[in-house]
Amino acid sequence: MLSAFGRAFRTPDLRRKLLFTLGIITIFRLGAFIPSPGVDYQNVQQCLQNGQTAGGLYQLVNLFSGGALLQVSIFALGIMPYITASIIVQLLRVVIPRFQQLYEEGASGQSKLTQYTRYLTIALGLLNATTLVSLARSGQLLPGCALPIIPDDSIITTILIIITLTAGTGLIMWMGELVTEKGVGNGMSLLIFTSIAATFPTSLGAIWTSQGPATFFTVLAVGLLTVALVVFVEQSQRRVPVQYAKRMIGRRTVGGTSTYIPIKVNMAGVIPVIFASSMLYLPGLIAQFNQPQQGEQLQPWVEWINNNLVRGDQPIYMVLYFAMIVFFTYFYVAITFNPEEVSDNMKKYGGFIPGIRAGKPTADYLQYVLSRITLPGALYLGFVALIPLVALVLINANQNFPFGGTSILIMVGVGLETVKQIDAQLQQRHYEGLLR
């Protein structure tokens, strides 16, 4: 393994790509600690040292920003606006026929969709920046901290912070695209990987300090088992055999080959977990805006939400979280994988599944296989997502428990994909990759 890494750095063009990627990652992490203009950095650090953290609404954004959100740095919004914009544009293909036409046009159409994603990212960044500044000015970003995060709350300072945060989002998006173009791996995914990995030392150190060495090593053991489970499931797939008939094109005979359609157990990735988390944040947000004035009584439905749907250690929260992950897994897979389209493409090029007639029977068979294999994938996603919530109950860890949920799914998925790309480039040059 070490010799393989040595070969990677001895290859000039691959070494240049790796160093470029590491340079972008370094700039991205440095930006997480540069405070926005008008923000009192000392007050923010003092509030964080006192254990004041954001509520559930911004836990996911803070995770994807590598802790930059609570620092109110220039990269406070992280990559989350781009992720949201990408998901929205992908879902709009089902609603807007023009988006689907662009997707089917190939590279030219998909470049337009990418441009729409960029515009939507800036718009969402502007909206999120305005919300973040409003929370920081009102003291709700770090509840319980009496120190002002933005001492000068004039309109000029507020606009300057909003513009800075939005520009930071655009810069992150540009750096991610640069890594994809000139570096190694998918740039956006690697930036998310970096943000999540940056929170691991703090989370593990907090567990060591508060719970002791025994709990710390137990968490590490659970983490290794979770990583092994995620790697096993992420690599698992159902291979549907496909046979192509021989055809005469001019004087040449083409076809007659056998291949397969790889249907992954977890085709939806981490998207259902993000959807479910976002949906469960809404009741808490609604309850937050319906808090009683001084002297008024708390409404029963607001009290029920505060008791059952705000904290992750409540049974109702866990059950709803698990059920929504299963639902969104089926929903997202139904959107992204179209059995009829796959069947039509196979029929167009003379392909067929042995024992299944072409056309509608093939589409029905693919739908049957897809529905059967999505169930274990949905249950697996729900199980992994519940690990940090169970840890919250057992060892009183925070909801950013390092080994579980969105963090471990993203890290393992991005790590596997990046290693595959490096391995493929090594094999092109040395006939020998990273893994043997």
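Residues numbered from 1 in each chain as written. Predicted model: local features only at pLDDT ≥ 70, side-chain atom pairs only at ≥ 80, totals over all residues. Heavy atoms only, no water.

### Let's talk about the overall build of the chain
Keep this limit in mind: Going along the chain from the N terminus, every DSSP run of H or I of four or more residues is numbered as a helix, and every run of E of two or more is numbered as a strand. Each residue is placed in one exposure class: buried if its accessible area under a 1.4 Å probe, protein chains only, is under 20% of its type's maximum, exposed if it is over 50%, and partly exposed if it falls in between. Should any heavy atoms of two residues lie within 4.5 Å, those residues are considered in contact. Only the protein chains shown count as cover for residues, with accessible areas throughout obtained via the Shrake-Rupley method and a probe of 1.4 Å.
Within the chain, the regular secondary structure consists of 18 helices and 5 strands. For the chain, the residues scored as buried account for 45% of the 436 residues in total. Sequence-distant contacts in the chain: of pairs separated by 6 or more residues, those separated by 24 or more amount to 69%. Working note: accessible area of the chain is about 22600 Å², and carbon and sulfur atoms make up 62% of it.

### Focus: the side chain of Ser 36
Relative to the elements of secondary structure, Ser 36 occurs in the loop between α2 (12-31) and α3 (41-49). Contacts of Ser 36, omitting those with residues within four sequence positions, involve Val 72, Ser 73, Ile 74, Ile 161, Thr 164 and Leu 165.

### Observations regarding the nonpolar core
Quick note on the threshold: Among the buried residues, those of types Ala, Val, Leu, Ile, Met, Phe, Trp, Tyr and Cys that are joined through side-chain atoms within 4.5 Å form a nonpolar core. Note: domain ranges come from an automatic or database domain assignment.
Ile 261, Val 273, Tyr 321 and Leu 409 are the most contacted members of the largest nonpolar core, which has 62 residues in total. Each of domain 1 (1-183) and domain 2 (211-435) contributes no fewer than three residues to this core. Once residues within four sequence positions are removed from consideration, Leu 409 is found in contact with Val 230, Glu 234, Val 270, Val 273, Tyr 380, Leu 381 and Val 384. By size, the runner-up hydrophobic cluster in this structure holds 19 residues, among which are Cys 47, Val 72, Leu 77 and Leu 135.

### Thoughts on the packing of aromatic side chains
Definition in use: Under the pairing criterion, centres of Phe, Tyr and Trp rings, with the six-membered ring standing for Trp, must be within 6.5 Å; the plane angle then separates stacked pairs below 30 degrees from edge-to-face pairs above 60, leaving the rest tilted.
Evaluated as defined, the whole model comprises 9 aromatic pairs. Ring geometry for Trp 208 versus Phe 216: centroids 5.0 Å apart, planes at 80°, classification edge-to-face. Accessibility expressed as a relative area gives 14% for Phe 216, which makes it buried. Judged by centre distance (6.3 Å) and plane angle (15°), the ring pair of Phe 327 and Phe 331 falls under stacked. One end of the pair, Phe 327, and the other, Phe 331, are both in helix α15 (residues 315-336), 4 residues apart, so they sit about a helical turn from each other. Classification of Phe 327 as exposed rests on a relative accessible area of 53%. Clustering of aromatic rings is evident, with ring pairs tying together Trp 208, Phe 216 and Phe 217.

### Re the sheet that holds strand β4 (residues 258-264)
Each strand in a sheet pairs with another by means of backbone hydrogen bonds, the pair being arranged parallel or else antiparallel. Put simply, the rule reads: When DSSP finds at least two bridges between two strands, those strands are taken to pair.
With respect to topology, 3 strands assemble into an open sheet ordered β4-β1-β5, the strand pairing being antiparallel. Two strands close off the open sheet at either side, each with one partner strand: β4 and β5 (351-352). Sheet analysis places strand β1 (residues 237-244) next to β5, joined by 2 bridges and oriented antiparallel. Paired with Tyr 244 across the bridge in β5 is Gly 351.

### Describing the environment of Val 242
Inspection of the secondary structure assignment puts Val 242 in strand β1. Judged by its relative accessible area of 3%, Val 242 falls in the buried class. Considering only alpha carbons, one finds Val 242 and Ile 261, 19 residues apart in sequence, at a separation of 7.0 Å. The residues touching Val 242, leaving out its near neighbours within four places in the chain, are Thr 257, Ser 258, Thr 259, Tyr 260, Ile 261, Met 346, Gly 351 and Phe 352.

### Focus: the pattern of salt bridges
Using the following cut-off: One speaks of a salt bridge when a side-chain nitrogen belonging to Lys or Arg is within 4 Å of a carboxyl oxygen belonging to Asp or Glu.
Under the counting rule described, the total for this entry stands at 4 salt bridges. When the shortest N-O distance is used, the salt bridge between Glu 234 and Lys 264 registers 4.0 Å. Of this pair, Glu 234 sits in helix α12 (residues 213-235) while Lys 264 sits in strand β4, and the two are 30 residues apart along the sequence. Judged by relative accessible area, Lys 264 falls into the partly exposed class, the value being 34%.

### Here's the deal with the environment of Ser 86
Note that Ser 86 resides in helix α6 (residues 80-95). As for Ser 86 and Thr 117, which are separated by 31 residues in sequence, their C-alpha atoms are 5.9 Å apart.

### Observations concerning a nonpolar patch on the surface
Rules: Only residues whose relative accessible area exceeds 30% and that form no salt bridge enter a patch; like-charged residues are grouped when within 9 Å of one another, and nonpolar side chains (Val, Leu, Ile, Met, Phe, Trp, Tyr) when within 5 Å.
Together, Ile 155, Ile 156, Ile 159 and Ile 163 line one region of the surface with nonpolar side chains, adding up to about 410 Å² of accessible area. Tracing the backbone through its elements, the reader meets Ile 159 in helix α9 (residues 155-182). On the basis of relative accessibility, which here comes to 41%, the residue Ile 159 falls in the partly exposed class.

### Quick word on the packing of α2 against helix α10 (residues 187-198)
To be explicit about the condition: Lines are fitted to the C-alpha atoms to define the axes, a helix being fitted only along its stretch in contact, and any angle between axes, read from their N-to-C directions, falls within 0 to 180 degrees. Here the angle decides the label: under 35 degrees means roughly parallel, over 145 means roughly antiparallel, 65 to 115 means roughly perpendicular, and every other value means oblique. Take the far helix as your reference; a near helix turned counterclockwise from it by less than a right angle gives a left-handed crossing, and one turned clockwise gives a right-handed crossing. Three classes are used, and their members are as follows: Ala, Val, Leu, Ile, Met, Phe, Trp, Tyr, Cys and Pro are nonpolar, Asp, Glu, Lys and Arg are charged, and the others, Gly among them, are polar.
Look at α2 against α10: their axes get within 10 Å of each other, and the N-to-C directions meet at 55°. By the angle between their axes, α2 is oblique relative to α10. α2 and α10 meet at a crossing whose hand is right-handed. From α2, Thr 21, Ile 25, Phe 28 and Arg 29 reach across to α10, where they touch Leu 190, Leu 191, Thr 194, Ser 195 and Ala 198. Taken together, the residues of the contact of α2 with α10 break down into 5 nonpolar, 3 polar and 1 charged.

### As for the environment of Gln 314
Within the secondary structure layout, Gln 314 lies in the loop between α14 (300-308) and α15. Once the C-alpha coordinates of Gln 314 and Leu 389 are considered, the two residues, 75 residues apart in sequence, prove to be 8.9 Å apart. Discounting residues that sit within four places of it in the chain, Gln 314 has contacts with Asn 307 and Asn 308.

### Looking at α12
Going by this rule: Working rule for helices: expected span equals 1.5 Å times residues minus one.
For α12, built from 23 residues, the straight-helix expectation of 33 Å at 1.5 Å per residue is met to within 8% by its first-to-last C-alpha distance of 33 Å. Looking at α12, one finds that the buried residues are Thr 215, Phe 216, Val 219, Gly 223, Thr 226, Val 230, Val 233 and Glu 234.

### Comments concerning helix α11 (residues 200-211)
For the α-helix, the turn length of 3.6 residues means that residues three or four positions removed from each other point alike. Selection rule: Arc, as used here, means the arc of the directions from the helix axis to the C-beta atoms.
The terminal C-alpha atoms of α11 lie 16 Å apart, and with 12 residues this matches the ideal 16 Å at 1.5 Å per residue to within 8%. When we look at burial in α11, the residues that qualify are Phe 200, Ser 203, Leu 204 and Ile 207. The arc enclosing the buried residues of α11, seen along the axis, measures out at 95°, which places them on a common side. Among the exposed residues of α11, those pointing more than 90 degrees away from its buried face are Pro 201, Thr 202, Thr 209 and Ser 210. Positive phi appears at Gly 212, one or two residues downstream of α11, with a value of about 100°.

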